[in-house]
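Now for the letters of each chain:
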Amino acid sequence: MSTQEKTFEELLLEEEVLTQNEIVLHNDDVNTFDHVIDTLIYACEHTPEQAEQCAMLVHYKGKCTVKTGLLDDLKPRCSMLLEAGLSAELV
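I will try to describe carefully the structure that is included in this document. (Residues numbered from 1 in each chain as written. Predicted model: local features only at pLDDT ≥ 70, side-chain atom pairs only at ≥ 80, totals over all residues. Heavy atoms only, no water.)

1. Considering the overall build of the protein
From N to C terminus, the protein includes 4 helices and 3 strands. Ordered by position in the sequence, the α and β elements of the protein form the string α-β-α-α-β-α-β. Taken across its 91 residues, the protein has 26% of its residues classed as buried. Considering only contacts in the protein between residues 6 or more positions apart, those separated by 24 or more positions represent 65%. Of the roughly 6400 Å² of accessible surface on the protein, 53% is carried by carbon and sulfur atoms. (Helix = DSSP H or I, 4+ residues; strand = E, 2+ residues; numbered from the N terminus. Buried < 20%, exposed > 50% of the residue type's maximum accessible area, 1.4 Å probe, protein only. Contact = heavy atoms within 4.5 Å. Areas by Shrake-Rupley, 256 points an atom, 1.4 Å probe, with all protein chains shown as cover.)

In C-alpha coordinates form, the structure reads like this:
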(Lines give C-alpha, C1' and ligand atoms only; values in the text may rest on other atoms or scores of the structure.)
Protein backbone atom coordinates (compact mmCIF):
# COMPACT_ATOMS: atom_id res chain seq x y z
CA MET A 1 0.00 0.00 0.00
CA SER A 2 1.41 3.39 -0.96
CA THR A 3 1.71 6.30 1.46
CA GLN A 4 -0.99 8.16 -0.47
CA GLU A 5 -3.41 5.20 -0.21
CA LYS A 6 -2.72 4.81 3.50
CA THR A 7 -3.33 8.53 4.13
CA PHE A 8 -6.59 8.40 2.17
CA GLU A 9 -7.72 5.34 4.15
CA GLU A 10 -6.93 7.10 7.44
CA LEU A 11 -8.92 10.16 6.35
CA LEU A 12 -11.92 7.98 5.50
CA LEU A 13 -11.76 6.29 8.90
CA GLU A 14 -11.47 9.65 10.66
CA GLU A 15 -14.43 11.03 8.71
CA GLU A 16 -16.52 7.97 9.57
CA VAL A 17 -15.75 8.35 13.27
CA LEU A 18 -16.61 12.06 13.19
CA THR A 19 -20.00 11.50 11.54
CA GLN A 20 -21.12 8.88 14.07
CA ASN A 21 -23.44 10.25 16.73
CA GLU A 22 -25.19 8.39 19.54
CA ILE A 23 -28.53 8.34 21.28
CA VAL A 24 -27.92 7.79 24.97
CA LEU A 25 -30.85 6.61 27.07
CA HIS A 26 -30.81 7.53 30.77
CA ASN A 27 -32.42 5.76 33.70
CA ASP A 28 -35.50 7.18 35.38
CA ASP A 29 -37.87 6.08 38.10
CA VAL A 30 -40.99 6.58 36.00
CA ASN A 31 -41.07 4.26 32.99
CA THR A 32 -41.64 0.52 33.16
CA PHE A 33 -39.35 -2.01 31.53
CA ASP A 34 -42.11 -2.94 29.11
CA HIS A 35 -42.61 0.67 28.03
CA VAL A 36 -38.86 1.20 27.51
CA ILE A 37 -38.55 -2.05 25.55
CA ASP A 38 -41.59 -1.33 23.37
CA THR A 39 -40.35 2.20 22.67
CA LEU A 40 -36.85 1.03 21.71
CA ILE A 41 -38.35 -1.54 19.34
CA TYR A 42 -40.51 1.16 17.73
CA ALA A 43 -38.15 4.15 17.69
CA CYS A 44 -34.77 2.48 17.23
CA GLU A 45 -35.87 -0.65 15.35
CA HIS A 46 -34.34 -2.90 18.01
CA THR A 47 -35.12 -6.58 18.21
CA PRO A 48 -36.93 -7.51 21.43
CA GLU A 49 -33.65 -9.00 22.73
CA GLN A 50 -31.67 -5.83 21.96
CA ALA A 51 -34.31 -3.64 23.58
CA GLU A 52 -34.38 -5.80 26.71
CA GLN A 53 -30.59 -5.75 27.01
CA CYS A 54 -30.53 -1.96 26.67
CA ALA A 55 -33.28 -1.59 29.26
CA MET A 56 -31.29 -3.74 31.70
CA LEU A 57 -28.09 -1.75 31.06
CA VAL A 58 -29.92 1.53 31.61
CA HIS A 59 -31.42 0.19 34.83
CA TYR A 60 -28.15 -1.09 36.29
CA LYS A 61 -25.60 1.31 34.76
CA GLY A 62 -27.70 4.48 34.63
CA LYS A 63 -27.38 4.97 30.88
CA CYS A 64 -26.78 3.13 27.62
CA THR A 65 -26.06 4.03 24.01
CA VAL A 66 -29.11 2.68 22.19
CA LYS A 67 -28.37 3.79 18.61
CA THR A 68 -25.42 5.15 16.65
CA GLY A 69 -25.40 6.70 13.21
CA LEU A 70 -25.79 9.88 11.26
CA LEU A 71 -27.40 12.86 12.93
CA ASP A 72 -30.18 13.10 10.34
CA ASP A 73 -31.26 9.53 11.16
CA LEU A 74 -30.91 9.88 14.93
CA LYS A 75 -32.77 13.19 15.46
CA PRO A 76 -36.26 11.84 14.72
CA ARG A 77 -35.53 8.64 16.67
CA CYS A 78 -34.42 10.62 19.72
CA SER A 79 -37.55 12.78 19.41
CA MET A 80 -39.71 9.64 19.45
CA LEU A 81 -38.00 8.48 22.65
CA LEU A 82 -38.52 11.87 24.28
CA GLU A 83 -42.16 12.06 23.16
CA ALA A 84 -42.70 8.63 24.73
CA GLY A 85 -41.49 10.07 28.05
CA LEU A 86 -38.02 8.52 28.07
CA SER A 87 -34.92 10.43 29.06
CA ALA A 88 -32.61 10.48 26.04
CA GLU A 89 -30.00 12.73 24.48
CA LEU A 90 -28.04 12.99 21.25
CA VAL A 91 -24.27 13.09 21.66
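Don't stop here, the text continues.
2. A closer look at the layout of surface pockets
The calculated volume of the largest pocket comes to roughly 180 Å³. The wall of the largest pocket is formed by 13 residues, among which Asn27, Asp28, Asn31, Val36 and His59 lie closest to the centre. Within the residue set of the lining of the largest pocket, elements represented by two or more residues are strand S1 (21-26), helix H2 (33-44) and helix H3 (48-61). For the lining of the largest pocket, the element with the most residues is H3, which contributes 3 residues. Per-class residue counts for the lining of the largest pocket are 6 nonpolar, 6 polar and 1 charged. (1 Å grid on protein atoms, 1.4 Å probe; cavity = no way out; pocket = protein on both sides within 12 Å on 5 of 7 lines; lining within 4 Å. Points joined across faces, edges and corners; volume = space filled by probe spheres on them. Nonpolar A, V, L, I, M, F, W, Y, C, P; charged D, E, K, R; others polar.)

3. Looking at the nonpolar core
Membership of the largest hydrophobic core comes to 18 residues, with the highest contact counts inside it found for Ile23, Leu25, Leu40, Val66 and Leu81. Elements supplying a minimum of two residues to this core: S1, H2, H3, strand S2 (63-69) and helix H4 (71-83). Looking at which element gives the most residues to this core, the answer is H2, with 5 residues. Setting aside chain neighbours within four positions, we find isoleucine 23 in contact with Cys64, Thr65, Val66, Lys67, Leu74, Arg77, Cys78, Leu81, Ala88, Glu89 and Leu90. (Core = buried A, V, L, I, M, F, W, Y, C linked by side-chain atoms within 4.5 Å.)

4. Things to note about the sheet that holds S1
Strand order across the open sheet formed by 3 strands is S2-S1-S3, with antiparallel pairing between neighbours. One side of each edge strand has no neighbouring strand; the edge strands of this open sheet are S2 and strand S3 (87-90). Pairs of neighbouring strands in the sheet enclose a mean axial angle of 20°, with direction left out of account. Note that S1 and S3 share 4 bridges and pair antiparallel. Each residue of the ladder has a partner; that of leucine 25, found in S3, is alanine 88. Sheet contacts for H3: S1 and S2; angle to S2, the most-contacted strand, approximately 135°. Strands S1, S2 and S3 of the sheet are contacted by H4, whose axis makes an angle of about 165° with S3. (Pairing = 2+ DSSP bridges. Axes fitted to C-alpha atoms, helices over the stretch in contact; angles between N-to-C directions.)

5. Concerning a nonpolar patch on the surface
A grouping of Phe33, Met56 and Tyr60 is seen on the molecular surface, where their side chains present a nonpolar patch of about 330 Å² in accessible area. Topologically, methionine 56 is positioned in helix H3. Taking the relative accessible area as the measure of exposure, methionine 56 reaches 36% and is therefore partly exposed. (Patch = residues over 30% accessible without salt bridge, like charges linked within 9 Å, V, L, I, M, F, W, Y side chains within 5 Å. Salt bridge = Lys/Arg side-chain N within 4 Å of Asp/Glu carboxyl O.)

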